Structures are given as structure tokens and as C-alpha cells.
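Spelled out from the first residue to the last, the chains are:
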Amino acid sequence: MRTVLQPGFVFVVGVAAVLAAGCSSYGGRLEVSGEVKLQGQPLSDASIQFLPLDGQDTTGGGPIENGAYKILAKDGLKPGNYLVRISSGDKKTPHDEDAGNPGGSTNIVSMDLIPADWNVQSKQQREVKAGVANKFDFDIPKVNKPKKK
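Scoring rules and cut-offs
- Along each chain, residues carry numbers from 1 onward, in the same order as the chain's sequence is written.
- For a predicted model such as this one, the threshold for reporting local features is a pLDDT of at least 70, and the threshold for listing and counting side-chain atom pairs is 80 or more; totals across whole chains, interfaces and linings nevertheless cover every residue.
- Heavy atoms throughout the structure, all of them, feed into the side-chain values; hydrogens and water do not.
- What counts as a helix is a DSSP run of H or I of at least four residues, what counts as a strand is a run of E of at least two, and both are numbered from the N terminus.
- Only protein chains enter the accessibility calculation, which uses a 1.4 Å probe; a residue whose area is less than 20% of its type maximum is buried, one above 50% is exposed, and one in between is partly exposed.
- The contact rule is simple, with two residues in contact once any of their heavy atoms fall within 4.5 Å.
- To measure how exposed things are, a 1.4 Å probe is used in the Shrake-Rupley method; for residues, cover is taken only from the protein chains shown.
- Whether two strands pair comes down to DSSP finding at least two bridges between them.
- Between N-to-C directions, angles span 0 to 180 degrees; the directions come from axes that are lines fitted to C-alpha atoms, helices contributing only their stretch in contact.

Let's talk about the overall build of the protein
And step 1. Counting its secondary structure elements, the protein contains 1 helix and 9 strands.
And step 2. Element order for the protein, N to C, with α for helix and β for strand: α-β-β-β-β-β-β-β-β-β.
And step 3. Out of the 149 residues belonging to the protein, those deemed buried represent 28%.
And step 4. A fraction of 66% describes how many contacts in the protein between residues 6 or more apart in sequence connect residues 24 or more apart.
And step 5. Accessible surface, the protein: about 10300 Å² in total, of which carbon and sulfur atoms supply 54%.

See the structure below:
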């Protein structure tokens, strides 16, 4: 006895296979996650940014909440080296203080709690790799305040 496959069944299976292959790869993007501590404590109300160093066409980032961040694969990073910047405002300037002025910012950070060498002058780099868990933890050391003369 010979089994005949219904054309509709073959079509549905074919479409499902194509969608599964396309959705799972996200164009080579990979999930990235990790934990961030400032002076040994989980950092909250902050953000992390990954900037490509090898010509990748992906930049990623997101919020840090309760010391953790996660960039899902659909918004993730392609393999390669990235510069990492972390930022967290001191909450002393209200976000809407300048909102009533034309051209005024609605997201003011009066002072960043993160030292410049982890932020605007960051040299922190991480390599995103295919086939491994791209979990990058950061422990930002205590900030040394300048001594008064």
C-alpha cells in the first residue's frame, strides 16, 4: 500500500520549515546578557550600550534593572568585538525640568555615576561569539574621589 501526502500538508510543512529557519537566526544576531555591579552592588536604573569595533552592522543595548541586562536575539549582536559603555544618572535633575522650553531635553542626566573609563572614555571590550552563551558581567570598582588640597 502506498501513502499519498496531501498537497496542503506538504505546503504547511514547507512553510513552517522556512519560517523556523528564518526566525531562529535573526540574520546572525545573538542574544547577549549579563550582570552589572557598581562598587559591589547591583546597578539599577542604568543602561548599557555595545558599539561595533569590527565593522558589524549591529549596535545594541538596553536597560540595566536590578543589576541585570538582556538583549534578545531579535535585537541582538552579530559576532565580533564591541566597545561597551555603561551609564547611570544621579537622579538629581528631574527628567522634565527643561521640558517646557522649546528644544529642551526631557531626559537630562546631571551627573553620571559611572566613571568615564566605563562610559564616555570606555576601553571596555567584549567579543560576541556564535555557538556560546554571550554572558558578560561587569563589576565597576569603587570610584576614587580627588583629594582636596
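There is more to say after this.
A look at the environment of K78
And step 1. On the secondary structure map, K78 appears in the loop between β5 (68–71) and β6 (80–87).
And step 2. Here K78 falls in the partly exposed class, since its relative accessible area comes to 25%.
And step 3. Sequence separation between K78 and K129 is 51 residues, and the spatial gap between their C-alpha atoms is 8.0 Å.
And step 4. Setting aside its immediate chain neighbours within four residues, K78 contacts G27, G28, R29, Q56, D57, T58 and V128.

Concerning the sheet that holds strand β7 (residues 125–128)
And step 1. Pairing within the open sheet is antiparallel, and its 4 strands lie in the order β4-β3-β6-β7. Each having just a single partner strand, β4 (60–64) and β7 make up the two edges of the open sheet. For this sheet the average axis-to-axis angle between neighbouring strands, irrespective of direction, equals 30°.
And step 2. Pairing of strand β3 (residues 46–52) with β6 involves 6 bridges; the strand directions are antiparallel. In the sheet register, P52 faces β6, and the bridge partner there is Y82.

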